[in-house]
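# Remarks on the overall topology
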Amino acid sequence: MSLQILTDRVTSMLGTDSGLDATVKFKTEEGNVFINSKVVPNTVSNEDLDADCTFEVSTKNALKLIDGDLNAMMAYMSGKLKIDGDMGVAMKIAKTFGGQ
């Protein structure tokens, strides 16, 4: 249930053209949320595909990050968030979600 909520929230936040021009995956204990913003309209799915940047985080903490209830830097430093891949993409996604 939480994975579907996360998927829906990410979809609504990105809109049709986020300008990220990257692929991003949120890897959670419930499954994946894969974002392809290299195509317009942007697509969001639950596929397990290779991404430019992967965020490994619990579904609960991913929702907290999106809501602004959890600081991304603190989550990263405390091990609640792991980032693999292009850090430039990670910074872009942080701005996209942080601006909401």
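Refer to the structure above for everything that follows.
The following paragraphs examine the structure supplied in this document. (Residues numbered from 1 in each chain as written. Predicted model: local features only at pLDDT ≥ 70, side-chain atom pairs only at ≥ 80, totals over all residues. Heavy atoms only, no water.)

### Considering the environment of F34
- Within the secondary structure layout, F34 lies in strand 2 (residues 31–36).
- A residue is classified by how much of its surface remains accessible, and F34, at 6% relative accessible area, is buried.
- When the C-alpha positions of F34 and Y76 are compared, they lie 20 Å apart, and in sequence the two are 42 residues distant.
- Sequence-distant contacts of F34, defined by excluding residues within four places in its chain, comprise T23, V24, K25, T43, V44, S45, E47, L49, D50 and A51. (Helix = DSSP H or I, 4+ residues; strand = E, 2+ residues; numbered from the N terminus. Buried < 20%, exposed > 50% of the residue type's maximum accessible area, 1.4 Å probe, protein only. Contact = heavy atoms within 4.5 Å.)

### Here we look at the sheet that holds strand 4 (residues 53–57)
- If you trace the five strands from one edge of the open sheet to the other, you get 3-2-1-4-5, paired in mixed fashion. If you trace the sheet from one side to the other, it starts and ends with strand 3 (43–45) and strand 5 (81–85), each paired once. With strand direction ignored, the average angle separating the axes of adjacent strands in the sheet is 15 degrees.
- Taken together, the four bridges between strand 1 (residues 23–28) and strand 4 define a ladder with parallel strand orientation. From the neighbouring strand, F26 faces strand 4, where its bridge partner is F55.
- Strands strand 1, strand 2 and strand 3 of the sheet are contacted by helix 1 (residues 2–14), whose axis makes an angle of about 10 degrees with strand 2.
- Against the sheet, helix 2 (residues 59–67) makes contact with strand 1, strand 4 and strand 5, and its axis sits at roughly 115 degrees relative to strand 4, the strand it touches most. (Pairing = 2+ DSSP bridges. Axes fitted to C-alpha atoms, helices over the stretch in contact; angles between N-to-C directions.)

### Topic: the pairing of strand 1
- Among the six residues in strand 1, five count as buried, and that is most of the element.
- One ladder, built from six bridges, connects strand 1 with strand 2; its direction is antiparallel. Bridging across to strand 2, F26 finds its partner in V33.
- Two successive antiparallel strands, strand 1 and strand 2, enclose a turn made up of two residues.

### Things to note about the packing of helix 1 against helix 2
- In contact at an axis separation of 10 Å, helix 1 and helix 2 are set at 30 degrees when each is read in the N-to-C sense. If you check the angle between helix 1 and helix 2, you find them roughly parallel. Here helix 1 and helix 2 pass one another in a crossing that is left-handed. Residue-level contacts link S2, L3, I5, L6, R9, V10 and M13 of helix 1 to T59, A62, L63, I66 and D67 of helix 2.
- Taken together, the residues of the contact of helix 1 with helix 2 break down into eight nonpolar, two polar and two charged. (Parallel < 35°, antiparallel > 145°, perpendicular 65-115°, else oblique. Left-handed = near helix turned anticlockwise from the far one by under 90°. Nonpolar A, V, L, I, M, F, W, Y, C, P; charged D, E, K, R; others polar.)

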